[in-house]
Amino acid sequence: MRIDIVTCLPKLVESPFSDSILKRAQNKGLVEVVVHDLRKYSTDKHHKVDDYAYGGGAGMVLMIEPLVNCIRDLQSQRDYDEIIYTSPDGPRFNQSMANELVLKGNLMIICGHYKGIDERVRTHFISREISIGDYVLSGGELAAAVISDAVIRLIPGVLSDETSALTDSFQDGLVAPPVYTRPAEFEGLKVPYVLLSGHEANIEKWRFEQSVERTKERRPDNLEER
Ligand code: ADE
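Residues numbered from 1 in each chain as written. Predicted model: local features only at pLDDT ≥ 70, side-chain atom pairs only at ≥ 80, totals over all residues. Heavy atoms only, no water.

Ordered by their spatial adjacency, five strands build an open sheet running β2-β1-β6-β5-β7, and the pairing between neighbours is parallel. Pairing within the sheet leaves two strands with one partner each, and these edge strands are β2 (32-37) and β7 (128-130). Here the strands of the sheet are splayed against their neighbours by 25° on average, with no regard to which way each runs. Where strand β1 (residues 2-7) and β2 come together, six bridges link them in parallel fashion. When the bridges of β2 are listed, I3 appears paired with V33. The strands touched by helix α3 (residues 64-77) within the sheet are β1, β2, β5 (82-86) and β6 (106-111), with β6 carrying the most contacts at an inclination of about 170°. (Pairing = 2+ DSSP bridges. Helix = DSSP H or I, 4+ residues; strand = E, 2+ residues; numbered from the N terminus. Axes fitted to C-alpha atoms, helices over the stretch in contact; angles between N-to-C directions. Contact = heavy atoms within 4.5 Å.)

Moving on to the site of the ligand. Looking at the ligand, there are 13 residues lining it, with S87, I132, G133, Y135 and L137 nearest. In this structure, G133 approaches the ligand through a main-chain N or O atom, which is 3.1 Å from a nitrogen atom. At 2.8 Å from a nitrogen atom of the ligand is found a main-chain nitrogen or oxygen belonging to Y135. For the ligand, the accessible surface in isolation is 260 Å², of which the surrounding protein chains cover 96%. (Near = heavy atom within 4 Å. Polar contact = N/O pair within 3.5 Å; in protein donor to acceptor, adjacent residues only side chain to side chain. Areas by Shrake-Rupley, 256 points an atom, 1.4 Å probe, with all protein chains shown as cover.)

On to the side chain of D4. Position of D4 among the secondary structure elements: in strand β1. Within polar-contact distance, the side chain of D4 engages the side chain of R2 at 2.8 Å. Contacts of D4, omitting those with residues within four sequence positions, involve V34, H36, L74, R78, Y80, L107, M108 and I109.

A large share of β6 lies buried, amounting to six of its six residues. Burial of the side chains of β6 extends over both faces: N106, M108 and I110 are buried on one face and L107, I109 and C111 on the other. Taken together, the five bridges between β1 and β6 define a ladder with parallel strand orientation. Along β6, the bridge assignment pairs D4 with M108. Here five bridges tie β5 to β6, and the two strands are oriented parallel to one another. Counterpart to E82 in the pairing with β6 is L107. Taken together, β5, helix α4 (residues 95-101) and β6 form a β-α-β motif whose crossover is right-handed. (Buried < 20%, exposed > 50% of the residue type's maximum accessible area, 1.4 Å probe, protein only. Right-handed = clockwise from strand over helix to strand, strands pointing away.)

Attention shifts here to the nonpolar core. Grouped burial of nonpolar side chains is what soluble globular proteins tend to show. Residues I5, F17, F93, L101, I147 and I152 are the most contacted members of the largest nonpolar core, which totals 31 residues. Mapped by element, the contributors of at least two residues to this core are β1, α2 (20-27), α4, β6 and α6 (141-152). Setting aside chain neighbours within four positions, we find I152 in contact with I3, F17, L22, A25, V31, V33 and V158. With 20 residues, the next largest nonpolar core counts V49, L62, L67 and M108 among its residues. (Core = buried A, V, L, I, M, F, W, Y, C linked by side-chain atoms within 4.5 Å.)

Our focus in this paragraph is the domain arrangement of the protein chain. Bring the parts together and some accessible area is lost; that lost area is often taken as the interface size. By the assigned domains, the protein chain splits into domain 1 (2-152) and domain 2 (169-225). The C-alpha-based centres of domain 1 and domain 2 are spaced at 37 Å. (Domains from an automatic or database assignment.)

In this section: the pattern of salt bridges. Tallied over the full model, the rule gives 16 salt bridges. Where R219 meets D221, a salt bridge forms, and the shortest distance between an N and an O atom there is 2.9 Å. Note on R219: relative accessible area 31%, which makes it partly exposed. When salt bridges with common partners are traced through the structure, they connect R2, D4, E32 and R78 into a single cluster. (Salt bridge = Lys/Arg side-chain N within 4 Å of Asp/Glu carboxyl O.)

As structure tokens, this is what we get:
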């Protein structure tokens, strides 16, 4: 899988991919993440990528020309399954979208900034818009990193124990059960006995019940959606 991220602030997106699981995934050749500086696609001598909105109003708008230059340059090198625009107006990102996106080969993610991008790019070049939540970020860079992280960890081989992505919260609509590690007792606070019992069937049953209870308490909306 390959993810191309287009942004006018490359440094903001690079760091999540240079550590831990996401870095190892790239080193193992399971995913290629390439961050593109939109300014390199500007024909302006000052590498300008934004301008005032027609009709007035506060805030700058990312211009069509550098965006289209970049999209076309990337498209001339490979086909993209999706060209995603990160925007608070889009459908809200969730686990099932991540599950769907991990099945794709090449993704391009365009990060919005300032007041957004010229509407003509949205209409003619973007295949889907994604919001990561009902709040407004300063730009789409963090959203692009969030989406990429959620997708990349699902690629087989990225997590050392492949089943661990399958048992994540939300994979089956249930939130994860509680987890504990050593010591078995800390200042009188004990780990539930069943987890120490070594009885796998009971442990599995206990975890499932805990997940259902927690989902009812914390995310009843998830149960309604099932
Ligand atoms: N850009 C600004 N806010 C955003 C959000 N909530 N999701 C995705 N992209 C954004």
